[in-house]
Amino acid sequence: QQPVQSPQAVILREGEDAVINCSSSKALYSVHWYRQKHGEAPVFLMILLKGGEQKGHEKISASFNEKKQQSSLYLTASQLSYSGTYFCGTSEGDKLTFGTGTRLAVRP
Amino acid sequence: GAGVSQSPSNKVTEKGKDVELRCDPISGHTALYWYRQSLGQGLEFLIYFQGNSAPDKSGLPSDRFSAERTGGSVSTLTIQRTQQEDSAVYLCASSLGLAGANEQFFGPGTRLTVL
């Protein structure tokens, strides 16, 4: 079942913060975050694994609540380059099921 | 080649024709995944390979879709008797191991248009 992301879209001024949420109805092994710019392939941001391990870019911050099957991606001091669509992907082990995406636009 | 490559980048075909989409993963990546992305939509899982085996084909939309992987490397996604609803971008991704614990590296995609 597809994870639910919120909000669906957000507009920020450069320097503002945002939080993107991802919620699943299934017990998860991991949650992944990817960003996709228009006309480009998705790019990896972070993996959050059951048990607390995280792998990803140092400038990205995220959390994973295993009991609630929820994850949040924290974007602080946003830059113009943060614009794009953010997808969470949830996994029970072998494959990813992606959410519907959150469109983020950062304005000067 | 440092990244995942896909060919062709664009494919326009007529309804009813067969098409083959190719994916060259990063060397050494044992896992390979196919996704479909319709305009403005998210990524829909189709199938994945671990080595040359496909443990999960549950995402293939119909029996018109099939895929294979040879030599633990190149993969081909075949769509027979294409329909207009097959129009989408088909993305391939590879990873060192199964997706649950590993970063996926995506190719640029093949944009399929069925007239």
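Residues numbered from 1 in each chain as written. Chains lettered and ligands numbered in written order. Predicted model: local features only at pLDDT ≥ 70, side-chain atom pairs only at ≥ 80, totals over all residues. Heavy atoms only, no water.

K.L.:
Explain the sheet that holds strand 7 (residues 61-65) of chain A to me, using residue names and the numbers behind them.
P.N.:
Residue and element names in this part refer to chain A. Overall, antiparallel pairing links the 4 strands, which are arranged 1-3-8-7 in an open sheet. Unpaired on one side and paired on the other, strand 1 (4-6) and strand 7 mark the two borders of the sheet. If you compare each strand with its neighbour and ignore which way they point, the axes differ by 15° on average. Where strand 1 meets strand 3 (residues 18-23), 3 bridges bridge the pair, whose relative direction is antiparallel. Opposite Val4, over in strand 3, you have Ser23 as the bridge partner. (Pairing = 2+ DSSP bridges. Helix = DSSP H or I, 4+ residues; strand = E, 2+ residues; numbered from the N terminus. Axes fitted to C-alpha atoms, helices over the stretch in contact; angles between N-to-C directions.)

K.L.:
Let's hear about the interface of chain B and chain A: which residues, and what values?
P.N.:
The interface of chain B with chain A comprises 22 residues on the first partner and 20 residues on the second. Roughly 1,600 Å² is buried in total at the junction of chain B and chain A, and carbon and sulfur atoms are behind 56% of that figure. Applying the counting criterion to the chain B and chain A interface returns 1 salt bridge. For the salt bridge of Asp56 of chain B with Lys95 of chain A, the shortest nitrogen-to-oxygen distance reads 2.9 Å. At the surface where chain B touches chain A, the tally comes to 12 residue pairs in polar contact (both at pLDDT 80 or more). If you list the elements that add at least two residues to the side of chain B that touches chain A, you get strand 4 (31-37) and strand 5 (44-50) of chain B. In terms of residue count, strand 4 of chain B provides more of the side of chain B that touches chain A than any other element does, 3 residues in total. Here the side of chain B that touches chain A is built from residues that sort into 11 nonpolar, 9 polar and 2 charged. (Contact = heavy atoms within 4.5 Å. Buried area = accessible area lost by both parts, 1.4 Å probe. Salt bridge = Lys/Arg side-chain N within 4 Å of Asp/Glu carboxyl O. Polar contact = N/O pair within 3.5 Å; in protein donor to acceptor, adjacent residues only side chain to side chain. Nonpolar A, V, L, I, M, F, W, Y, C, P; charged D, E, K, R; others polar.)

K.L.:
Which residues make up the pairing of strand 8 (residues 75-79) of chain B, and what values go with them?
P.N.:
Residue and element names in this part refer to chain B. A large share of strand 8 lies buried, amounting to 5 of its 5 residues. Because side chains alternate across strand 8, one face comprises the buried residues Ser75, Leu77 and Ile79, and the other comprises Thr76 and Thr78, equally buried. As paired strands, strand 3 (residues 19-24) and strand 8 are joined by 5 bridges and run antiparallel to one another. Counterpart to Cys23 in the pairing with strand 8 is Ser75. Direction of pairing for strand 7 (residues 65-69) relative to strand 8: antiparallel, over a ladder of 5 bridges. (Buried < 20%, exposed > 50% of the residue type's maximum accessible area, 1.4 Å probe, protein only.)

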